[in-house]
Amino acid sequence: MEIEKISSEELDRRFDDGEEVLQYFDLSSARRPGLEVRRVNVDFPDWMIRNLDEHAKKRGVTRQALIKMWLADRLEAAG
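Rules used in this analysis
Residues numbered from 1 in each chain as written. Predicted model: local features only at pLDDT ≥ 70, side-chain atom pairs only at ≥ 80, totals over all residues. Heavy atoms only, no water. Helix = DSSP H or I, 4+ residues; strand = E, 2+ residues; numbered from the N terminus. Expected span 1.5 Å × (residues − 1). Buried < 20%, exposed > 50% of the residue type's maximum accessible area, 1.4 Å probe, protein only. Polar contact = N/O pair within 3.5 Å; in protein donor to acceptor, adjacent residues only side chain to side chain. Contact = heavy atoms within 4.5 Å.

### Observations regarding helix H2 (residues 46-59)
Item 1. Across its 14 residues, H2 extends 20 Å between first and last C-alpha, which sits within 8% of the 20 Å expected from 1.5 Å per residue.
Item 2. Where H2 terminates, the next one or two residues include glycine 60, which has phi positive at roughly 70 degrees.

### Focus: the side chain of arginine 14
Item 1. Relative to the helices and strands, arginine 14 resides in helix H1 (residues 8-16).
Item 2. Of the residues examined, arginine 14 reaches a relative accessible area of 18% and is grouped as buried.
Item 3. For arginine 14, the side chain forms a polar contact with the side chain of glutamate 10, separated by 2.7 Å.
Item 4. When residues no more than four places from it in sequence are discounted, the contact partners of arginine 14 are Ile6, Glu19, Val21 and Tyr24.

Below, the structure is given as structure tokens:
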């Protein structure tokens with residue numbers, strides 16, 4: 001699918017007029033600066049894994065999601 005090209009002024013006008021403008025962007029290579037995912041490996045003792053799994057199950061999320069939520073909360077609180 002080829003993206004129609006328009007000037008930035010035309011794009012601004014259409015956006016300001018409330019028109020849908022996403023069709024003028026190539027989202028296949030879109031990035032969210034500062035939110036790129038990087039993989040890290042962390043070793044936990046078995047008792048921690050069991051405890052994490054229990055908490056994750058209670059909340060209906062994966063272990064990884066729980067760890068991310070808890071870390072985000074802690075980092076936000078720490079400022």
